[in-house]
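Reading the structure
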Amino acid sequence: MRVLLLGGTSEASQMAKALSQAAVNSVFSYAGRTNAPVPQPLPTRIGGFGGVAGLVAYLRREAITHVIDATHPFAAGMSRNAFAACTQTDTPLIRLERPAWQAQSGDNWTHVPTLEAAATALPDADARVFLAIGKQQIGLFAAKPQHHYLLRLVDPPERDLPLPKTSVVLARGPFDVAQDLVLLRHHDITHIVAKNAGGRGAEAKLTAARQLGLPVILVDRPALPGQNIAADIGAVMTWLDHDQVALRGV
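Scoring rules and cut-offs
Residues numbered from 1 in each chain as written. Predicted model: local features only at pLDDT ≥ 70, side-chain atom pairs only at ≥ 80, totals over all residues. Heavy atoms only, no water. Phe/Tyr/Trp six-rings, centres within 6.5 Å; stacked < 30°, edge-to-face > 60°. Buried < 20%, exposed > 50% of the residue type's maximum accessible area, 1.4 Å probe, protein only. Lys NZ or Arg CZ within 6 Å of the ring centre and 35° of its normal. Core = buried A, V, L, I, M, F, W, Y, C linked by side-chain atoms within 4.5 Å. Helix = DSSP H or I, 4+ residues; strand = E, 2+ residues; numbered from the N terminus. Contact = heavy atoms within 4.5 Å. Salt bridge = Lys/Arg side-chain N within 4 Å of Asp/Glu carboxyl O. Expected span 1.5 Å × (residues − 1). Pairing = 2+ DSSP bridges.

What follows concerns the packing of aromatic side chains. The description of an aromatic ring pair uses the distance of the two centres, along with the angle that the planes make with each other. Inspection of the entire model under this criterion finds three aromatic pairs. On the numbers, 4.7 Å between centres and 55° between planes, the contact of Phe28 with Tyr30 is tilted. The two residues Phe28 and Tyr30 agree in class, both being buried. Here Arg45 stacks its cationic end above the ring of Phe49, 3.9 Å away from the centre of that ring. The aromatic ring of Phe175 is capped on one face by Arg152, whose charged end is 3.5 Å from the ring centroid.

Looking now at the nonpolar core. Ranked by internal contacts, the top residues of the largest apolar core, which has 21 residues, are Leu5, Met15, Leu19, Ile68, Val236 and Leu240. Taken together, the elements giving at least two residues each to this core come down to strand 1 (3–6), helix 1 (10–21), strand 2 (26–30), strand 5 (93–96) and helix 7 (233–248). Excluding anything up to four places from it in sequence, Met15 contacts Leu5, Ile68, Leu96, Ile233, Val236 and Met237. Judged by nonpolar contacts, the second largest core, of 19 residues, contains Ala118, Leu131, Ile133 and Leu153.

So, about the pattern of salt bridges. Scanning the model with the defined rule gives seven salt bridges in all. The partner of Asp107 in a salt bridge is Arg210, with the nearest N and O atoms 2.8 Å apart. Here the residue Asp107 occupies a position in the loop between strand 5 and strand 6 (109–112), and Arg210 occupies one in helix 6 (residues 204–212), the gap between them amounting to 103 residues. When its relative accessible area of 17% is taken as the criterion, Asp107 is described as buried. Sharing partners across several salt bridges, the network here consists of Arg2, Arg61 and Glu62.

Helical geometry note: an α-helix holds 3.6 residues per turn, so side chains three or four residues apart project in the same direction. Between the first and last C-alpha of helix 3 (residues 76–89) there are 20 Å, a value that for 14 residues agrees with the 20 Å anticipated at 1.5 Å per step. For helix 3, every residue scored as buried is listed here: Ala76, Ser79, Ala82, Ala85, Cys86 and Thr89. Against the buried residues of helix 3 lie strand 1, helix 2 (51–61), strand 4 (66–69) and strand 5. Of the residues one or two after helix 3, Asp90 is the one with positive phi, at around 55°.

What follows covers the sheet that holds strand 5. The strands that make up a sheet are held in pairs by hydrogen bonds between backbone atoms, and each pair lies either parallel or antiparallel. Read across the sheet, six strands follow the order 3-2-1-4-5-12 without closing on themselves; strand pairing throughout is parallel. Edge positions in the sheet fall to strand 3 (44–46) and strand 12 (229–230), since each of these pairs with one other strand and no more. Sheet topology places strand 2 next to strand 3; three bridges connect them, and they run parallel. Bridged to Ser29 within strand 3 is Arg45.

So, about the pairing of strand 8 (residues 148–153). Here strand 8 lies mainly inside the structure; six of its six residues are buried. Residues His148, Leu150 and Arg152 point to one face of strand 8 and Tyr149, Leu151 and Leu153 to the other, with burial holding for every one of them. When strand 7 (residues 128–132) meets strand 8, the two strands line up parallel, connected through three bridges. Pairing of Arg128 across the sheet is with His148, part of strand 8. Judged from the five bridges that link them, strand 8 and strand 9 (residues 166–170) form a sheet pairing that is parallel. Directly across from Arg152, in strand 9, lies its bridge partner Val169.

The structure is reproduced here in structure tokens:
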């Protein structure tokens with residue numbers, strides 16, 4: 001057995017620890033979106049594979065027997081490529097997918113299907129928006145340049161931002177509610193835009209928004225292929241254990 005773990009989330013780091021402790025021959029793959037990714041207890045590679053064809057070649061070259069997709073729920077391109085490559089190579093694949101956030105009493109959420117729709121959903125009147133979506137697609141909000149945008153990023157921007165009025169805070173999660181209450185109050189935030197990533201590491205902003213009565217524009221998750229989905233690390237390890245027994249012919 002040789003496992004490829006596609007990472008980039010806190011769950012992926014926990015998965016890597018479990019694989020290491022179980023002495024499962026594994027390699028951890030980072031997309032390379034941050035300058036200083038979290039060190040892992042597994043051999044690590046950084047960067048893309050070169051599309052489906054590149055991933056197919058990698059799986060064959062490295063004799064990968066199983067793939068665990070523990071990428072971000074919005075890393076749809078990687079998840080779709082992994083599904084296609086595993087289908088072509090007949091490689092077993094499981095997706096470690098944290099549950100989506102669910103609205104609670106007191107939440108003021110507007111669900112939208114895409115980030116483009118999130119930009120449209122912002123008011124026309126000037127607002128102060130916590131744009132909690134990472135750095136890849138902030139240019140979509142240039143359609144509403146009248147707003148002041150707060151960005152919380154892991155790394156400093158490498159080039160001029162496409163939004164004329166911004167504040168940037170550098171921080172790496174997980175975050176707690178007290179921190180996010182201070183952040184939202186300090187920047188006089190009136191609206192929050194976020195992806196429904198799920199998990200606990202970034203949930204604090206939603207709790208803080210609830211306490212402050214702030215509206216949240218929440219982008220729904222993209223549809224991903226495949227039905228073999230695990231909600232926790234234990235389920236993934238059980239899946240691997242079952243296949244390891246089958247590989248040994250026991």
